[in-house]
Amino acid sequence: MTNIRNFWLGAALAVFAISGAAAQDAPKGDAKAGLANFQKYGCYTCHGILGQGTLRDGPKLNPTALGYPAVLQQLRTPRYEMPAYTAVQISDQQVADIFTYLATLPKGPDPKSLKQLQ
Amino acid sequence: MSKKIKRRQFLAGLAAAPAVSVAASATKAMAQPAAQPASSVPPIPMTDRPTNDMPPQTIGKTGSDFMVDILKSLDIQYIASCPGSTFRGLHESIINYGDNKSPEFITTLHEDTAAAMCHGYYKVAKKPMACMVHGTVGLQHASMAIYNAFADRVPMLVLSGNIGNPATRQVYIEWNHSAQDQAATVRDITKWDDQPASLQGFAESMVRAYDLMTTAPMAPVLITADGDLQEDPIPPDIEKKLHIPKLKMRSQPSGDVMAVREAAKMLLAAENPVIYTNRYARTENGPALLLQVAEMIGAPVVDGHMRMNISNRHPLNHSQRSEATLQQADCILALEPIFLWGLNNYVPDLVTRPNDPRRRNPNLKLIHIGTESMMTKANYQDFQRYAEADLSIPGDAEATMPLLIEALKTQMSAADKARCDGRCAKVKELTAKQLEQFRERVAFEWDAKPISSGRLVMELWDQIKNEDWMMPTETQFLSDWPYRLWDIDKPYRTMGGSGAQGIGYNTPAALGAALANKDKGRLTVAMVGDGDFNMAPGVLWTAAHHKIPILYIVHNNRAYHQEVMMILRMASRRQRVNHKNVYVGTLIDNPAPDYAKIAQGYGLFAEGPITDPKDLAGAMRRAMDVVKRGEPALLDVVSDGR
């Protein structure tokens, strides 16, 4: 059964997305430092190393669609079960780095080109 | 026995007499050596027992031979065990008197493994397997696997040794391995137990145990085989009276027919009925019966995967959009749901652990058919939270399906049929686009390092999709990708989970499943976590020794990853800033175990650690060739957390 947390989180993030936040709102970040922070702070444990999401533990992350303010707000005051990460634990700049890392990841191959997926 | 005869004290009739005489003479000869040169050292007596009181050295048919007769009558094909002196009589009878066939002795390196193999075997073979455990200590080892099977309502015959009579126990060890009440260790997690004091009692208890464990709700049973009873010869006057009862035609307990008619009425009155299944399918006929009901009433099915209930690609299977489906329901038919309360409620992992009702139709009607209330014990809390149902029907859900189908046919009007058919068509349309969405998700993570679970699962699919495969392991730590993207088309492709989530289930239970699949000619592929694997690596030796074909893939995230997330949650909640510490006690790294080397050491073909996703296909092909030759193989794949 789909975890209800995913539903609430998705709903919350959708609201942020509609509010007009966009990728260009993010402070300048460093993708390499972002990956390091993504690992250091354990984001990958629930969301996967590419932010691809896992079925039960954390949704797919789509920073470009959500925008930096929404991502920051979810991190600081998360809806539902996600633990909060305050500025004591992770700075705004580090969040910006993570945002940049996720936003610059390649899309991946066309699923139709992968025989294993057919 | 009407006349108590002690082990090692019975003269096994006239046939044994010559041997007794020979043995006694030999002893006498040793005790009274021929004249030797004088010595200052006094002769050492070989025994302090009077030579005219030596017990017999050979005997005829024994109690444990008769126990093998019983096992054969019950058609027990395999008995998994690691040897123990409290059942040495039965062990010897199985391999010699019974010719090591039906049952065949399957050697394991841990009793937990033996019991877990029984768990997996039953879920494929649909008939029980036995395990034989050493008195006290072996049973303690086996207890977690027995609990998993109990919570999963799976039968297994557990035979425990015991030396019940203090007067015949040898000093020290046999006391440590004997108990006044051997079954007390597992009584809370078995359906029934007995410690028979006679062979006739043993026969009847074994057949009763088989009958009880295979009647829903199913669960393990324990029979203690007394050491004296095993090793004593059977007096001729007793032997001719022994009788093994026969199990003849039996049925499973179905729901009350009047209540089932009411259920049909409620389902036909509903605008949006939904079926929820979890521990539902008891036989391979279960999915077909379920689909018949679902098609008749035009209801989507949401499946909890604890049994192989429904093909994942059937358009009525809405498990991948479960919340949306359940939210629109005005009537839920819950078939062996396990956690009925949890269908409509939730306890989120927040500081205060609030109880949150899920968003449901306020006029929702809940029909429950299942055996959950038919075997509830007090101590372990696997019975879950109490839930209100509008109609509760105690009974085996699969056994009740024919009654429900009949009731629906009887009550369904032409207008009902038209409405249900129309709804059925609409429901089927809703799942059409899901497959493409899932493929896009996996493509996104295709080249990830560590290797993503989606890539791992789909590379394996590419290897098995043209085979007659079976996948016995749990998938929740693999984001359920097999249920989302494989074509799980036959009623034997999967077998659900452990029951109690006792880690160390998957690796040995998969081998039990593989043993059953070997007899059916099916290919077994098992994906196990490194945490699970490390609980029972000796399973690999059993696989190699008995040539049980299975492909093990270790989904190696080098951690107890669930616990990494748990500790991270605790640390974040408490505003602890040192994130490095979340890995203390949760990583299986530094050094990283080399599972391929471990497997090779147990005699398997193995490759790894595989860290590049591009290397997966070749490694899988090579391993699959080995498995197709009838042998086990293992691949160690360094993977993302989930």
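Provided above is the structure to which this section pertains.
The following refers to the structure shown. (Residues numbered from 1 in each chain as written. Chains lettered and ligands numbered in written order. Predicted model: local features only at pLDDT ≥ 70, side-chain atom pairs only at ≥ 80, totals over all residues. Heavy atoms only, no water.)

## Structural notes on the pairing of strand β15 (residues 523–529) of chain B
Looking down a regular strand, the side chains alternate between one sheet face and the other.
Residue and element names in this part refer to chain B.
In step 1: The buried fraction of β15 is high, at six of seven residues.
In step 2: Alignment of strand β14 (residues 469–470) against β15, held across two bridges, turns out to be parallel. Residue pairing for β15: Met-470 is matched across the bridge by Thr-524.
In step 3: Here β15 pairs with strand β16 (residues 551–556) via five bridges, running parallel. Pairing of Val-525 across the sheet is with Leu-551, part of β16. (Buried < 20%, exposed > 50% of the residue type's maximum accessible area, 1.4 Å probe, protein only. Helix = DSSP H or I, 4+ residues; strand = E, 2+ residues; numbered from the N terminus. Pairing = 2+ DSSP bridges.)

## Considerations on the interface of chain A and chain B
In step 1: Taken residue by residue, the interface counts 43 residues in chain A and 49 residues in chain B.
In step 2: Here chain A meets chain B over a buried area of about 4200 Å², counting both sides, of which 56% is carbon and sulfur.
In step 3: The tally of links between chain A and chain B comes to three salt bridges.
In step 4: Where Asp-57 of chain A meets Arg-642 of chain B, a salt bridge forms, and the shortest distance between an N and an O atom there is 3.3 Å.
In step 5: For the interface between chain A and chain B, the tally reads 17 residue pairs in polar contact (both at pLDDT 80 or more).
In step 6: Those elements that place two or more of their residues in the side of chain A that touches chain B are α1 (4–18), α2 (31–40) and α3 (43–47) of chain A.
In step 7: In terms of residue count, the dominant contributor to the side of chain A that touches chain B is α1 of chain A (four residues).
In step 8: Its residues placed into classes, the side of chain A that touches chain B shows 21 nonpolar, 14 polar and eight charged. (Contact = heavy atoms within 4.5 Å. Buried area = accessible area lost by both parts, 1.4 Å probe. Salt bridge = Lys/Arg side-chain N within 4 Å of Asp/Glu carboxyl O. Polar contact = N/O pair within 3.5 Å; in protein donor to acceptor, adjacent residues only side chain to side chain. Nonpolar A, V, L, I, M, F, W, Y, C, P; charged D, E, K, R; others polar.)

## Some details on the nonpolar core
Residue and element names in this part refer to chain B.
In step 1: Judged by nonpolar contacts, the single largest core of 60 residues is most densely connected at Ile-146, Leu-511, Tyr-552 and Leu-634.
In step 2: When residues in this core are grouped by element, the largest group, nine residues, is from helix α4 (residues 111–125).
In step 3: Here this core spans two domains, and each of domain 1 (63–239) and domain 3 (435–638) adds at least three residues to it.
In step 4: When residues no more than four places from it in sequence are discounted, the contact partners of Leu-634 are Phe-533, Leu-540, Tyr-552, Val-554, Tyr-595, Ala-596, Ala-599, Leu-604, Phe-605, Ala-606 and Glu-607. (Core = buried A, V, L, I, M, F, W, Y, C linked by side-chain atoms within 4.5 Å. Domains from an automatic or database assignment.)

## Concerning the pairing of strand β3 (residues 130–133) of chain B
Residues and elements named next belong to chain B.
In step 1: Burial along β3 is two-sided: Ala-130 and Met-132 and Cys-131 and Val-133, pointing in opposite directions, are all buried.
In step 2: Across three bridges, strand β1 (residues 78–81) lies against β3 in parallel orientation. Bridged to Ser-81 within β3 is Met-132.
In step 3: Across four bridges, β3 lies against strand β4 (residues 157–162) in parallel orientation. Note on β4: the bridge partner recorded for Ala-130 is Leu-157.

## Concerning the sheet that holds strand β6 (residues 221–226) of chain B
Residues and elements named next belong to chain B.
In step 1: Taken together, six strands build an open sheet; the order of strands is β2-β1-β3-β4-β6-β5 and the sheet is parallel. In the strand order of this sheet, the two ends are held by β2 (104–107) and β5 (192–194), each with one partner. In this sheet, adjacent strand axes meet at a mean angle of 25° when their direction is disregarded. (Axes fitted to C-alpha atoms, helices over the stretch in contact; angles between N-to-C directions.)

## Notes on the packing of α2 of chain A against helix α6 (residues 92–103) of chain A
All names here are of chain A.
In step 1: Where α2 contacts α6, the axes come no closer than 7 Å and their chain directions differ by 105°. Here α6 runs roughly perpendicular to α2, going by the angle between their axes. Along its contact with α2, which presents Ala-31, Ala-33, Gly-34, Leu-35, Asn-37 and Phe-38, the element α6 presents Gln-94, Asp-97, Ile-98, Thr-100, Tyr-101 and Leu-102.
In step 2: Along the lines of polarity and charge, the residues of the contact of α2 with α6 split into seven nonpolar, four polar and one charged. (Parallel < 35°, antiparallel > 145°, perpendicular 65-115°, else oblique.)

## Side note on the sheet that holds strand β7 (residues 273–277) of chain B
Residues and elements named next belong to chain B.
In step 1: A sheet is described by the order of its strands in space; here five strands give the open sequence β8-β7-β9-β12-β13, paired in parallel fashion. If you trace the sheet from one side to the other, it starts and ends with β8 (301–303) and β13 (391–394), each paired once. When the angles between neighbouring strand axes are averaged without regard to direction, this sheet yields 15°.
In step 2: Bridge count for strand β12 (residues 365–370) against β13 is four bridges, and the pairing is parallel. The residue bridging His-368 from the neighbouring strand is Ser-392, located in β13.
In step 3: Of the strands in this sheet, β7, β9 (331–335), β12 and β13 touch helix α10 (residues 257–269), which is tilted by about 140° from β13.
In step 4: The strands touched by helix α11 (residues 286–297) within the sheet are β7, β8 and β9, with β7 carrying the most contacts at an inclination of about 165°.

Shape descriptors only; they carry no functional weight alone.
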